[in-house]
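Listed here are the chains, written in short residue letters.
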Amino acid sequence: MLTREAAQQAFGEFKEALTLLDMETATKHHRGTSGVSRGRQADTAVVPFPRSRRTVPPVLAESTVAKLGDRVERPAYDRRALTPSVVHLSVGSFARAHPILYFDDLAATGETGWGVVGVGMRSPQIGEVLRDQDGLYTVVERDRDGARARLVGALVDYLYLPEQPKQVADLLASPTTRLVTMTVTSEGYQVRSDIPAVRHDLATPEDPVTATGLLVAALRRRRAEGTGPFTVLSCDNLDDSGAAVRLAVLEFAGLLDAQTGEDLTSWVRENVAFPSGMVDRITPTTSPQLRDQIEGEFGVPDRWPVVTETFRQWVVEDDFCAERPPLERVGVQVVDDVAPWKFMKGRLLNGGHCALGYLGVLASLETTDQAMAEPVLSEYMSRLLREEIAPLLPELPGQDTDEYVTTTLDRIANPAISDSLLRLCRRGSTKVPHHLLSSLGEARVAGRPHRLLLAALAGWLRFLRGEDLDGRPLTIEDSRAEDLRLAAQAGGDDPTALLELRDIFGDLVEDTDLVAELGELLTRASHDGVRGMLAALLDSNEEVR
């Protein structure tokens, strides 16, 4: 049987091998250029940002809020009056810029029953900062017109699971906990016996180290104590986040039932709600330099602030088993069916990000705004979204698709955010099938144009060789990195070897015309570069139109 320490170490090694974006602690957000580097790994130390020597309060804490001045918006409510009824698993930059911010909005309306307690799963750094700052942190929203800083107070406590397992267990079992939200990335929902932490949680279910194990242990205890269930609301960017977490919990409960003879699975199926949701907000890396800039501009000595865009959207399925927070009061769209909203966002924003990430990196660019400032890439992105992806989308009541495309392009081009193209290249084997290949498949079936979609796919396939067009090494952050790299290198400009990976590419390899077109695009990119390949493609598409 694995000890807790061994399981945690093994789990850390497993997650590191998958090289996933750790949204919980923003650990990788402090590696400079982050996910992919040209020939070297970034060497910025993974530690909380150091305090600056500027003439501002020496620390951010409840006792120093009054000294911050008027450059930052401060909570207008009494934080001590907040009831901690929401638990958020894995508190990273996105969680602080999105779901927790909505609960802060709710508190500002006088709703004091929805304070948030954060639970860290693996890395202690963000917890150390948040505890030192009494749970306070800064969100800076930037656009072309300027920036606005806001101090968020809805996070009333923070627990670190490896050091405080009993406190976390008691918190999740407490009758006051009515909602559990989470941002653990797609791999956090996997329940497989080859994952050491899953084996540990099944062997010692009262001492879990995974998010799924935590949820099952808490629900099992609440059932035994007659507390009743809480609602589980995933805030991860998945096709159906509610179904994903529900399946993971039911699978784990089923495995546990086989060991204990209980029937927790049926109780969960009948009593626990797992609403789906769609979350949207671009939240790029916060570098130490940006932290110092924020301190100088706003006078806030926050050691780990969050920088984000002004746009945000949260659409939540109206399916709660415990009391539902009145989030509609603060702009959350509570609907019967989230799927159409998630579909539009995934195809346009996430699909556009996938396309621009790989093509931009191969064009030796670093940020989204740099890429969108180049005429050929800007035209490509506009036509990709408007001509090939948007026509495949169903009409959404109250939503103008062309307006949504325009907003999406403006967000991606926002120079005040300047998101890293390298960050967008992570986890391609998960993101590309969901956000690009899905559109490509539908376009093929419908007989619609899809050459621009093929160009995006060609960009990913070329990227997977692990070197740019000038032969400089690229590090691939992907759970399938080695398989993909070997196949890409073996095939060169012939994509067949890669397309044979049917669990990723489906039946594309059987379409000989498509394989030939991809090969032509790869060959042109190798000879003329990404800009030349796209320019020729846009010209040929113009002739077709």
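Our subject is the structure listed above.
To keep things clear, this report deals only with the structure shown in the data block. The structure presented is a predicted model; accordingly, all values stated were derived computationally and were not measured.

What counts as what
- Residues numbered from 1 in each chain as written.
- Predicted model: local features only at pLDDT ≥ 70, side-chain atom pairs only at ≥ 80, totals over all residues.
- Heavy atoms only, no water.
- Pairing = 2+ DSSP bridges.
- Helix = DSSP H or I, 4+ residues; strand = E, 2+ residues; numbered from the N terminus.
- Axes fitted to C-alpha atoms, helices over the stretch in contact; angles between N-to-C directions.
- Expected span 1.5 Å × (residues − 1).
- Bend = angle between axes of the 7 residues up to and from the residue.
- Contact = heavy atoms within 4.5 Å.
- Buried < 20%, exposed > 50% of the residue type's maximum accessible area, 1.4 Å probe, protein only.
- Core = buried A, V, L, I, M, F, W, Y, C linked by side-chain atoms within 4.5 Å.
- Parallel < 35°, antiparallel > 145°, perpendicular 65-115°, else oblique.
- Left-handed = near helix turned anticlockwise from the far one by under 90°.
- Nonpolar A, V, L, I, M, F, W, Y, C, P; charged D, E, K, R; others polar.

**Observations concerning the sheet that holds strand S7 (residues 179-182)**
Either a parallel or an antiparallel arrangement is found when strands of a sheet pair, and the pairing is made through backbone hydrogen bonds. Read from one edge to the other, the open sheet built from five strands follows the order S6-S3-S2-S7-S8, with strand pairing classed as parallel. Two strands close off the open sheet at either side, each with one partner strand: strand S6 (155-160) and strand S8 (231-234). Neighbour-to-neighbour, the strand axes of this sheet turn through a mean angle of 25°, independent of strand direction. Relative to strand S3 (residues 115-120), strand S2 (residues 84-89) is paired through five bridges, and the arrangement is parallel. Paired with His88 across the bridge in S3 is Gly118.

**Re helix H13 (residues 375-389)**
Relative to the 21 Å expected for 15 residues at 1.5 Å per residue, H13 spans 20 Å between its end C-alpha atoms, a close match to the ideal helical length. Where H13 bends most, at Arg383, the angle is about 25°.

**Brief notes about the side chain of Asp105**
With respect to the helices, strands and loops of the structure, Asp105 is situated in helix H3 (residues 99-108). Leave out the neighbours within four places in its chain, and Asp105 touches Arg150, Arg312 and Val330.

**Points about the environment of Leu534**
Tracing the backbone through its elements, the reader meets Leu534 in helix H21 (residues 512-544). Owing to a relative accessible area of 1%, Leu534 belongs among the buried residues under this scheme. With residues up to four places along the chain from it excluded, the contact list for Leu534 reads Leu359, Val376, Leu377, Tyr380 and Ala455.

**Section: the sheet that holds strand S12 (residues 333-335)**
With respect to topology, three strands assemble into an open sheet ordered S9-S11-S12, the strand pairing being mixed. Across the chains shown, the open sheet's two edge strands, defined by having one partner strand only, are strand S9 (277-280) and S12. In this sheet, neighbouring strand axes are inclined to one another by 15° on average, regardless of whether the strands run parallel or antiparallel. In the sheet, S9 pairs with strand S11 (residues 313-317) via four bridges, with the strands oriented antiparallel. In the sheet register, Gly277 faces S11, and the bridge partner there is Val316.

**Overview of the environment of Met121**
In this fold, Met121 is placed in the loop between S3 and helix H4 (125-132). Of the residues examined, Met121 reaches a relative accessible area of 9% and is grouped as buried. Along the chain, Met121 and Leu89 lie 32 residues apart, while their C-alpha atoms are 7.3 Å from each other.

**Section: the nonpolar core**
Counting residues in hydrophobic clusters, the biggest one holds 81 residues, and the most contacted among them are Tyr380, Leu457, Trp460 and Phe505. Those residues in contact with Trp460 that sit more than four places away from it in its chain are Tyr358, Gly428, Ser429, Val432, Leu484, Ile504 and Phe505. Core analysis: the next-biggest nonpolar cluster, separate from the first, contains 39 residues, Met182, Leu214, Phe252 and Trp267 among them.

**Looking at the packing of helix H11 (residues 339-362) against helix H17 (residues 451-463)**
Taken N-terminus to C-terminus, the directions of H11 and H17 make an angle of 55°; their axes are 8 Å apart at the nearest point. One way to sum up the angle between H11 and H17 is to call them oblique. In the packing of H11 onto H17, the handedness of the crossing is left-handed. Residue-level inspection shows Ala355, Tyr358, Leu359, Val361 and Leu362 of H11 in contact with H17, the latter providing Ala455, Ala456, Gly459, Trp460, Arg462 and Phe463. Per-class residue counts for the contact of H11 with H17 are nine nonpolar, one polar and one charged.

**Section: H11**
The end-to-end C-alpha distance of H11 is 33 Å, a good match for the 34 Å that 24 residues give at a rise of 1.5 Å each. Maximal helix bending in H11 amounts to about 30°, located at Gly346. In terms of burial, H11 is a largely internal element, 21 of the 24 residues being buried.

No statement about biological role is implied by the geometric values presented.
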